[in-house]
Amino acid sequence: MRRAAALLLAAVASAAAASPPAPESFFGHRMGADRKLAGWDQVVSYFKQLDAASNRVKVDVIGASVDGRPLIAATIAASATMRDLERYRSIQGRLADPRRTPAAGAEMLFEQGKAIVMITCSIHSTEVASTHTAIEFAHRMATASDHKTRAILDNTIFLLVPSLNPDGVEIVRRWYEKTLGTPYEGSSPPELYHRYLGHDNNRDWYIFSQPETRAVVARLHNEWHPQIVYDVHQQSPYASRMFVPPWMDPIEPNIDPILAQLCNMIGMGMAADLTAAGKTGVVVNALYDFWTPARHYQAYHGGARILSESASVRLATPLRIKPEDIRDSSRGYDPRQSSWNYLEPWRGGNWTLRDIVDYQLIAWESCLYQAAVRRRDLLTSFYRIGVRAVERTSPYAFVIPASQPDPGSAAKMLETLSFGLVEIERAGNDFEAGGRRYRKGDYVIRLRQPYGAFAKTLLERQDYPDLREYPGGPPRRPYDVTAHTLPLLMGVKADLIDARFSAPLQAVREFPFEIEGRRPAEGGLSAWDVSSWREVNRLWKAGATVWREGDTGDFHAKPATGAAPLKRPRLGLYRSYAPAMDEGWTRWLLEQFGFEYAGITNADIAAGGLAKRLDALVFPDQSESSIAEGYPKNSMPEEFTGGLGDSVAELKAFVEQGGALVFLNDSTRFAVNRLGLPVKDVVEGAASSEFYSPGSLLNVTLADHPLARGLPKDVAIWSQGSPAWETRAGVEAAFVARYPQTDILASGWLLGESRLAGQAALLEIRQGKGRIVLFGMRPQYRAQSYQAFKLFFNAIAGY
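Everything quoted here is computed from the prediction, not taken from an experiment.

Moving on, we get to the overall build of the protein. A count of helices and strands for the protein gives 25 helices and 37 strands. Taken over the C-alpha trace, the protein has a radius of gyration of 28 Å; the compact-globule value for 799 residues is 28 Å, and the two agree within 12%. Overall, the C-alpha framework of the protein stretches about 100 × 70 × 60 Å when taken along its three principal axes. Looking at the protein as a whole, 61% of its 799 residues are labelled buried. Residue pairs in contact within the protein that sit at least 24 positions apart in sequence constitute 78% of those at least 6 positions apart. Summed over all atoms, the accessible surface of the protein reaches about 29,700 Å², with 48% contributed by carbon and sulfur. Treating the 90 positive side-chain charges of the protein as one cloud and the 89 negative ones as another, the clouds have centres 3 Å apart.

A few words now on the pairing of strand 1 (residues 57–64). Pairing analysis gives 7 bridges linking strand 1 to strand 2 (residues 70–76), with the strands arranged antiparallel. Its bridge partner being in strand 2, valine 61 is matched across the sheet by isoleucine 72. Here strand 1 hands over to strand 2 after 5 residues, with glycine 68 in that stretch at a positive phi of 90 degrees.

Quick look at unusual backbone geometry now. Backbone torsion omega between aspartate 249 and proline 250 reads 0 degrees, so that peptide bond is classified as cis. Within the element layout of this structure, proline 250 appears in strand 7 (residues 248–251). Phi angles above zero are rare outside glycine, and serine 122 is one such case at about 40 degrees. Relative to the helices and strands, serine 122 is located in the loop between strand 3 (115–120) and helix 7 (129–143).

Strand order across the open sheet formed by 5 strands is 19-13-18-15-20, with antiparallel pairing between neighbours. Edge positions in the sheet fall to strand 19 (495–497) and strand 20 (505–507), since each has one partner strand and no second. On average, each strand axis in the sheet is tilted by 30 degrees relative to the strand beside it, whichever way the strands run.

Tallied over the entire structure, the rule returns 50 salt bridges. Residue aspartate 377 is joined to arginine 374 by a salt bridge in which the shortest nitrogen-to-oxygen separation is 3.1 Å. For arginine 374, a relative accessible area of 36% corresponds to the partly exposed category. With a shortest N-O distance of 3.8 Å, aspartate 604 and arginine 613 are connected by a salt bridge. What makes aspartate 604 partly exposed here is its relative accessible area of 23%. Note on arginine 613: relative accessible area 41%, which makes it partly exposed. Three or more residues are tied together by salt bridges with common partners; here these are Glu86, Arg89, Arg219 and Glu223.

Take the packing of helix 3 (residues 40–53) against helix 7 next. Running from amino to carboxyl end, helix 3 crosses helix 7 at an angle of 10 degrees, the nearest separation of the two axes being 11 Å. As the angle between them shows, helix 3 and helix 7 are arranged roughly parallel. Together, Val43, Tyr46, Phe47 and Leu50 of helix 3 and Thr131, Ala134, Ile135, Ala138, His139 and Ala142 of helix 7 make up the contact between the two elements. Residue composition of the contact of helix 3 with helix 7, by class: 8 nonpolar, 2 polar and no charged.

Here the focus is the packing of aromatic side chains. With the rule as written, the count across this model stands at 44 aromatic pairs. Note on phenylalanine 431 and tyrosine 438: the rings are 5.4 Å apart at their centroids and 25 degrees apart in plane angle, and the pair reads as stacked. Linked through ring pairs, Trp533, Phe555, Phe593, Phe595, Tyr786, Phe789, Phe792 and Phe793 together constitute an aromatic cluster. Taking the ring centre of phenylalanine 419 as reference, the NZ or CZ of arginine 214 above it sits at 4.0 Å. Geometry around tryptophan 346 places arginine 241 over its ring, the cationic atom sitting 3.7 Å from the centre.

Okay, helix 10 (residues 211–224) next. Taking 1.5 Å as the rise per residue, helix 10 with 14 residues should run 20 Å; its terminal C-alpha atoms sit 19 Å apart, in good agreement. Approximately 35 degrees is the largest bend angle found in helix 10, and it occurs at valine 217. If you check which residues of helix 10 are buried, you get Glu212, Thr213, Ala215, Val216, Val217, Leu220, His221, Asn222 and Trp224. Histidine 225 lies just past helix 10 and shows a positive phi near 50 degrees.

Spatially, 4 strands are ordered 22-24-23-25 in an open sheet, and the strand pairing comes out antiparallel. Looking at strand neighbours, the two that pair on one side only are strand 22 (524–525) and strand 25 (563–566), the edges of this open sheet. Pairing analysis gives 4 bridges linking strand 23 (residues 546–549) to strand 25, with the strands arranged antiparallel. The residue of strand 25 that forms the bridge with tryptophan 547 is proline 565. Where helix 17 (residues 532–541) meets the sheet, it contacts strand 22, strand 23, strand 24 (555–556) and strand 25, and its direction lies at approximately 140 degrees from that of strand 23.

Tallied over the entire structure, the rule returns 0 disulfides. Here cysteine 263 is not cross-linked by a disulfide; its sulfur's nearest cysteine counterpart is in cysteine 367, at 9.9 Å.

Over its 13 residues, helix 14 (residues 407–419) extends 18 Å from the first C-alpha to the last, a length consistent with the 18 Å expected when each residue adds 1.5 Å. Counting buried residues along helix 14, 11 of its 13 residues qualify, which places the element largely inside the surrounding structure. Every buried residue of helix 14 is listed here: Pro407, Gly408, Ser409, Ala410, Ala411, Met413, Leu414, Thr416, Leu417, Ser418 and Phe419. Measuring from the side-chain oxygen of the N-cap residue of helix 14 to the backbone nitrogen of glycine 408 gives 3.1 Å; that N-cap residue is aspartate 406. Of the residues one or two after helix 14, leucine 421 is the one with positive phi, at around 70 degrees.

Mapped onto the elements, alanine 729 comes out in the loop between strand 33 (725–727) and strand 34 (733–738). When the C-alpha positions of alanine 729 and asparagine 673 are compared, they lie 18 Å apart, and in sequence the two are 56 residues distant.

Basis of the calculations
Here the residue index of a chain counts from 1 through its sequence in written order. Under the rules for a predicted model, residues below a pLDDT of 70 receive no local features and side-chain atom pairs below 80 are neither given nor counted, while totals for whole chains, interfaces and linings still include all residues. The side-chain quantities take in all heavy atoms of the structure and omit both hydrogens and water. Here a strand is any run of E in DSSP of at least two residues, a helix any run of H or I of at least four, and the numbering for each starts at the N terminus. Computation of the radius of gyration draws on C-alpha atoms, with the globule rule given as 2.2 Å multiplied by the number of residues to the power 0.38. Burial classes follow relative accessibility: with a 1.4 Å probe on protein chains only, a residue under 20% of its type's maximum area counts as buried, one over 50% as exposed, and anything between as partly exposed. Here, residues are in contact when the closest pair of their heavy atoms is within 4.5 Å. All accessible areas in this document rest on Shrake-Rupley with a 1.4 Å probe, and a residue is counted as covered only by the protein chains that are shown. For the purpose of charge, His is not counted, nor are the chain termini; Lys and Arg are scored as positive and Asp and Glu as negative. Working definition for charges: the position is that of NZ of Lys, CZ of Arg, CG of Asp or CD of Glu. Paired strands, in this sense, are two strands between which DSSP finds at least two bridges. What counts as an axis is a line fitted to C-alpha atoms, over the stretch in contact for a helix, and the angles between N-to-C directions run from 0 to 180 degrees. One speaks of a salt bridge when a side-chain nitrogen belonging to Lys or Arg is within 4 Å of a carboxyl oxygen belonging to Asp or Glu. Small angles under 35 degrees read as roughly parallel and large ones over 145 as roughly antiparallel, with 65 to 115 read as roughly perpendicular and the rest as oblique. Side-chain classes follow a simple rule in which Ala, Val, Leu, Ile, Met, Phe, Trp, Tyr, Cys and Pro form the nonpolar group, Asp, Glu, Lys and Arg form the charged group, and the remainder, Gly included, forms the polar group. We call Phe, Tyr and Trp rings a pair once their centres come within 6.5 Å, taking the six-membered ring for Trp, and we label the pair stacked below 30 degrees between planes, edge-to-face above 60, and tilted otherwise. Both a distance and an angle decide whether a charge sits over a ring: NZ of Lys or CZ of Arg must be within 6 Å of the ring centre and within 35 degrees of the ring normal. Working rule for helices: expected span equals 1.5 Å times residues minus one. The quantity called bend is, for any residue, the angle between two axes fitted respectively to the seven residues ending at it and the seven beginning at it. For this text, the term disulfide refers to a pair of cysteine sulfurs within 2.5 Å. Any pair of N or O atoms that falls within 3.5 Å is considered a polar contact. Within protein, one atom must be able to donate a hydrogen and the other to accept it, and sequence-neighbouring residues count only if both atoms are side-chain atoms.

Shown next, in the form of structure tokens:
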């Protein structure tokens, strides 16, 4: 008996040693415990242990973050499913393209396949809860045997990304632990929580500029074609406790209505399950719209986009919220009152990180259980969406001529679409389409393909609806932006053809272009091709002299007729302790094209002598108050407070001595008001009902000026609350870009067009030996505005 008991105890001990570790035992605390944040190394180690101990979990490194940390994804399903993953991935691929799978064959696959659900966490790293939820939920999936867990495991393949931004997990954890027990506990770090993008990292889902985005798209979206992608976020602490779909209007018109209805159904199911579990403060159909593809790749690839936004705490520090602290959001509901879409208001009280985890655990299970119960319906709808896509009749195609103003931008546009699984073909002969003649070698994107909607939304012009808070009232603010037309952003000619045409077409994956209507730069590099700037910087770094022609702007590596040496700029980029996403985008752009630069702080400017160090200093899109004042005293540790308010004299001296100050978008208001520039912003202070440009593309005309070298006369620029100027009489200012008198809107939404008519969107003002350049735009907008990159490069290094 004793021996048998000993053997039993040994077996139990062995099983316990092999079982997946509980989060509490591994981390030393419950997930969501007050003032506790997991580090990324710990998260990765824990998931590796789950993989080793459970036949339901497989963890893969799918790529590396921008700072080199492992980006991981866990695949979770029943053990029998896990043994046959490649078969289920093959089924997904066959259902994703109805041209490969006739209806009769699809019926069999509906019976055999699994619903693929992907949940992604903490892309915004101050929204810390979901990584902790992922740990606890993964453990539950690895160990539980209740009927809901079994249904999820048996009917779905669950792809879990514990964080889309591992670097940010560490940046936030380090800052939080550094400030614990100080007056600054729970504050956001004084740096972007992604090296380049900060909060904008979830606006990268169609330009694919970052390694994290590319890895998730390539290794998960494009391989598994998930039916549901659920992205987990947090929001303000002072309104609802959680948002789930349905979305607010508008819904982007290229999103299949089946997907929009699936979002409605799943979101309402999640809201019902949260309410049934006793959770109050759940809101639907408020706050968030379903417009820009920058936030939802899957909606153009057969997948329903689910979003939840949980009320935040101060990172991991609890909050005590009084009823009077709850604020009206004016975005589809009043959080202080019951309504059809906010049935049980949360009235205030203690709110902790564990509360967020609890809400998220219920929401995750609800989403996955709905997918499990309706597995066959989801697969059927997924296939049907593809059928509707390949049966599209009009419009028929886009034609992109192989002769373009900017070959580098055109190639980038097609490479971007191709990465998003858009099929691109090239004509084998001359052909006619839409009443126009096209040449052999021109590119064709036929929209009758599984992801034709992705191509269409990125290639066509947007007509954003005129939505108001109430009839005749102010505009209803879009959640993000209203335009995403890549041909306008990149300066690419792309013709929409409505009717079917005939041409011999060959699928291609490489995209050579030639310069339209211009001779190649003899022995040099064309100013029209944005890619030339990479080679210019390579030559500079190699110690070569670069020459630039005065009339064409073309570059040469040796003396040429009409060319003068182009000085390599000593470049500075202003970097305040109040982090600005646009500063990160600007760094990304400079590094992508090979520019060397120095980060310039408030202390650097206050020290004076800028002209000894720099030729040009760039101020990114940042508010006047943020630049001038920075963080207020006592809001952050002393070394991170303050701004440039007392250092204006040093900036003026820099220009007088021959330096160039380049201000982008909102920072121009600092320049105008603090440097006393003799211009007037004609839209500053206007009510939104009088002027509103919420992320739109606007037409401008460029002057014959060195800043405009390499660009056509008429272009579109990015406008997002952007200034426009008139100048005083006698001022020495060049109107480099000017709005036309009419037809200013190119894509998106614009109110108050008349205020812009004839005004400047890009000014160069000469002062002393130097110059000040005011960009009434973001010329490096989110890695997309390739045409305007050249305006920016000309401003910092062009002459």
